[in-house]
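The residues making up each chain are set out below.
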Amino acid sequence: MNEPTFLILTALAGESRHGYAVIEDVEQMTGGRVRLRAGTLYAALDRLRGEGLIEVDREEVVQSRLRRYYRLTGAGEQSLQTETDRLRAQATIAEGRLRARRTNFGGATA
Amino acid sequence: MSSEARYRRLLTLYPRDFRREYGDEMLGVLMSDPRPGVPQALDLVRGAVLAHLRLAFTGQSRAARVVQIVGATLLFALALHRVSGVLSTRAVVDDPSWVTIDTTSWVRLAAWGVALAGAWLGSRWLGAAGAAVGLGNEIAVPFQSYLVTPASVRYADWFIVTAMVVLAAGLVAERGALRMRGWSPATAEGLTVRAWPLVVAAGALMVVHGMAFAYQLGSMRNGFVLVAGLFVLVFAVRQPRELRGRLAAWAAPVLITVPLMQWGFGDFIEFTVRNPDTIRPIGPLQWAAMVLIPAAAFLGVARLNNRIERDRSVNR
C-alpha cells in the first residue's frame, strides 16, 4: 500500500469525509508534509471504491456543487489494520536496532 | 480564462464515465484548493492518464493471462526457429564450421523459455524477468545493424511490440499455476485455455519454417507462416465471447504495426533501397509513432470493447 492510500484510509477511519476534508486531514496528520492534489486524490478514491475498501456515505449540495462523503468499509478497515500492523512491526525492528546501536557506541553518533 | 474554465477544460481529459462520477466533486475541490498553477494542472493530466489506463485494464487479468501464455509460447517458438534454422543448416552442409549461432540467439531462446515457464507457473516475477530480457534482446538485435541499415528496425518492430505486449500482460495477468486438463491448460481459479493445441501447432510450424531451407522446403516457407497465422486466428475465435474482445485489444498493438510499417515507413524504406550508400536514421517523430500508435491501438480497442460490453449488459 502506498503512502497516499494509507493516509486516505486513515483519514476516513476517523469519520466519513468529503474530498477536500480528506486533503486537509492528511495535511494535518503529516504536519504539512503531504498535501494531496485533486487528481491524485480522486484516482485513489476511485481505485479504493473499485476495491471495496471505501464507499459513499452521503451526498449534499453546497453552493450548487456536489459534495460526496466517503467512509471506510469493513474490508477497508481490515486492509488498514493489516498495513498498520506491518508498519508497526517494521518500526519496532528499526527502533530496536537504533537502540542497540546507541548502546554499542555508548550514545555516540557516527 | 478563469480558474474554473481552465479546470473544466482539464477535466475533459478524463474518461467520460469518470468525469460523470467525479467531475463536479473534483471541480469543487479544485476551486477550494488555494494552490492553482502548473503542478495542479500536471496532477490532473497524470490523474486523467491513470484513469484511462485503469479503465483500459479493468477486467483484463484473465485475457492478459491467455495473452501471456500464447505470446510467450509463440516468441519461444520464434526464438527456437532461429536456433533450429542454424542447427539444421549445420547438419546438412559439407563444412559446418562457418555456420554459427550467435550468443544473442541463445539468450533470446533462454529468456522466452523463462517467460514461458513464468506464464505456466503463474509466477509474476519469473514471467516479467524472462519477458524483460527477451524484450531487451528483441530490441538489441535490429540495433546491432541499425547504423548500417536503419530499415532493419522495420522488420523487427512487430517482434518488439509483441514482446512488450507479453511483458505488460504478464504484469497484470491473473495468477495460479496451469495444469493440463485433457488437451487444455487450466488453473484452479477457473481459467481454461481452449483450443490450446492450435497454439502448439502454430509454434511447431514456426520451428519447421526455420528448418525449411536445410530440408529443401524453402518454397513452402510462406505457407507455413500463413497456416500458423490461421491457427492463431482460429484459436482466438474459439475463446469464450467475453474473452475475445479483450484478446482483440491485446492483439491490436501487434496488428497495427503491419500497416504502420507498410505505409508510415514506406518512404523511408524506399529511400534506403534507392540510396544504399546514404544512411538516413529514423526520425524522432517516427520513433514516437512506433511507440504511441500501438499503445493508442490497445487503449482504443479496450475502450471500444468496454463500451460494447456495457451496452450488452444494459440490454440484457
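- In the nomenclature of an unreviewed UniProt entry, chain B is known as ABC transporter permease of Paractinoplanes bogorensis.

- Per an unreviewed UniProt entry, chain A is named PadR family transcriptional regulator, and its organism is Paractinoplanes bogorensis.

1. Focus on the overall build of chain B
Inference 1: Each helix and strand counted, chain B has 12 helices and 2 strands in total.
Inference 2: Based on the C-alpha atoms only, the size of chain B along its principal axes is roughly 80 × 55 × 35 Å.
Inference 3: Relative to its full complement of 316 residues, chain B shows a buried share of 36%.
Inference 4: Counting contacts in chain B only where the partners sit at least 6 residues apart, residues at least 24 apart contribute 71% of the total.

2. Thoughts on the packing of helix α3 (residues 38-50) of chain A against helix α3 (residues 38-57) of chain B
Inference 1: Running from amino to carboxyl end, α3 of chain A crosses α3 of chain B at an angle of 20°, the nearest separation of the two axes being 7 Å. Relative to α3 of chain B, α3 of chain A is oriented roughly parallel. Residues Ala 38, Gly 39, Thr 40, Tyr 42, Ala 43 and Arg 47 of chain A of α3 of chain A touch α3 of chain B, and the partners they reach there are Asp 43, Leu 44, Arg 46, Gly 47, Leu 50, Ala 51 and Arg 54 of chain B.
Inference 2: Classifying every residue of the contact of α3 of chain A with α3 of chain B gives 6 nonpolar, 3 polar and 4 charged.

3. Description of the interface of chain B and chain A
Inference 1: Counting from both sides, the interface comprises 19 residues of chain B and, opposite them, 14 residues of chain A.
Inference 2: Mapped onto the side of chain B that touches chain A, the elements with two or more residues apiece are α2 (16-32) and α3 of chain B.
Inference 3: Looking at which element gives the most residues to the side of chain B that touches chain A, the answer is α2 of chain B, with 10 residues.
Inference 4: Tallied by class, the residues present in the side of chain B that touches chain A amount to 9 nonpolar, 4 polar and 6 charged.

4. Overview of unusual backbone geometry
Both trends apply: most residues other than glycine have a negative phi, and most peptide bonds are in trans.
Inference 1: One non-glycine residue, Gln 63 of chain A, adopts positive backbone phi at about 50°.
Inference 2: Topologically, Gln 63 of chain A is positioned in the loop between β2 (54-62) and β3 (65-72).
Inference 3: The class of Gln 63 of chain A is exposed, set by 8 C-beta atoms lying within 10 Å.
Inference 4: One non-glycine residue with positive phi stands out, namely Ala 195 of chain B, at about 60°.
Inference 5: Within the secondary structure, Ala 195 of chain B sits in the loop between β2 (184-187) and α8 (196-211).
Inference 6: For Ala 195 of chain B, a count of 15 C-beta atoms within 10 Å corresponds to the partly exposed category.

5. Describing the confidence of the model for chain A
Inference 1: Per-residue confidence for chain A averages 90 on the pLDDT scale, and 95% of its residues sit at or above 70.
Inference 2: The least confident element of chain A is β2 of chain A, whose mean pLDDT is 90; the most confident is strand β1 (residues 17-18) of chain A, at 94.

6. Section: the environment of Ala 186 of chain B
Residues and elements named next belong to chain B.
Inference 1: The topology assignment puts Ala 186 in strand β2.
Inference 2: A sequence separation of 66 residues divides Ala 186 from Trp 120, and the C-alpha atoms of the two residues are 9.7 Å apart.
Inference 3: Sequence-distant contacts of Ala 186, that is, excluding residues within four places in its chain, are made with Leu 178, Arg 179, Arg 181, Leu 191 and Thr 192.

7. Quick word on α8 of chain B
Residue and element names in this part refer to chain B.
Inference 1: For α8, built from 16 residues, the straight-helix expectation of 22 Å at 1.5 Å per residue is met to within 8% by its first-to-last C-alpha distance of 24 Å.
Inference 2: Buried residues of α8: Trp 196, Leu 198, Val 199, Ala 202, Gly 203, Leu 205, Met 206, Val 207, His 209 and Gly 210, and no others.
Inference 3: Contact partners of the buried residues in α8: α4 (61-92), β2 and α9 (221-237).

8. Concerning the environment of Val 83 of chain B
Residues and elements named next belong to chain B.
Inference 1: Looking at the element boundaries, Val 83 is found in helix α4.
Inference 2: Here Val 83 falls in the partly exposed class, since 16 other C-beta atoms lie within 10 Å of it.
Inference 3: Beyond its immediate chain neighbours, meaning those up to four positions away, Val 83 contacts Ile 101, Ser 105 and Leu 109.

9. Topic: the domain arrangement of chain B
Inference 1: When the domains of chain B are assigned, the result is domain 1 (3-53) and domain 2 (58-315).
Inference 2: The straight-line distance from the C-alpha centre of domain 1 of chain B to that of domain 2 of chain B is 37 Å.

10. Examining the environment of Pro 15 of chain B
All names here are of chain B.
Inference 1: Mapped onto the fold, Pro 15 is located in the loop between α1 (3-11) and α2.
Inference 2: For Pro 15, a count of 16 C-beta atoms within 10 Å gives the class partly exposed.
Inference 3: Sequence separation between Pro 15 and Gly 176 is 161 residues, and the spatial gap between their C-alpha atoms is 32 Å.
Inference 4: If sequence neighbours within four positions are ignored, Pro 15 has contacts with Ala 51, His 52 and Leu 55.

11. Focus on the UniProt feature "domain: Transcription regulator PadR N-terminal" (unreviewed entry) in chain A
Inference 1: UniProt records the feature "domain: Transcription regulator PadR N-terminal" (unreviewed entry) for residues 8-81 of chain A in the present numbering.
Inference 2: The distance from the first to the last C-alpha atom of residues 8-81 of chain A is 13 Å, and the span holds 53% helix and 26% strand.

12. Looking at the sheet that holds β3 of chain A
Residues and elements named next belong to chain A.
Inference 1: What the 3 strands build is an open sheet, ordered β1-β3-β2; its pairing is antiparallel. Strands at the two margins of the open sheet, each flanked by one partner only, are β1 and β2.
Inference 2: Summarising the sheet, β2 and β3 pair through 8 bridges and their orientation is antiparallel. Across the sheet, Glu 59 pairs through a bridge with Arg 68, a residue of β3.

13. Brief notes about the pairing of strand β1 (residues 178-181) of chain B
When a strand is regular, its side chains alternate between the sheet's two faces.
All names here are of chain B.
Inference 1: Alignment of β1 against β2, held across 4 bridges, turns out to be antiparallel. Note that in β2 the partner of Arg 179 across the bridge is Ala 186.
Inference 2: Between β1 and β2, which pair antiparallel and follow one another directly, the connecting turn spans 2 residues, one of which, Gly 182, has a positive phi of 70°.

14. Concerning α9 of chain B
All names here are of chain B.
Inference 1: End to end, α9 covers 25 Å across 17 residues, agreeing with the expected 24 Å (1.5 Å per residue, within 8%).
Inference 2: Of all the positions in α9, only Phe 224, Ala 228, Phe 231 and Phe 235 are classed as buried. All buried residues of α9 fall inside an arc of 55° around its axis, so they share one side. Exposed residues lying more than 90 degrees from the buried face of α9 are Asn 222, Leu 226, Gly 229 and Val 237.
Inference 3: In this structure, the buried side of α9 is in contact with α8.

Rules of the game
Residues numbered from 1 in each chain as written. Chains lettered and ligands numbered in written order. Predicted model: local features only at pLDDT ≥ 70, side-chain atom pairs only at ≥ 80, totals over all residues. Helix = DSSP H or I, 4+ residues; strand = E, 2+ residues; numbered from the N terminus. Buried ≥ 20, exposed ≤ 12 C-beta atoms within 10 Å, placed from the backbone. Contact = placed C-beta atoms within 7 Å. Axes fitted to C-alpha atoms, helices over the stretch in contact; angles between N-to-C directions. Parallel < 35°, antiparallel > 145°, perpendicular 65-115°, else oblique. Nonpolar A, V, L, I, M, F, W, Y, C, P; charged D, E, K, R; others polar. pLDDT = per-residue confidence, 0-100. Expected span 1.5 Å × (residues − 1). Domains from an automatic or database assignment. UniProt positions renumbered as here; feature names shortened; annotations may be inferred. Pairing = 2+ DSSP bridges. Arc of directions from axis to C-beta.

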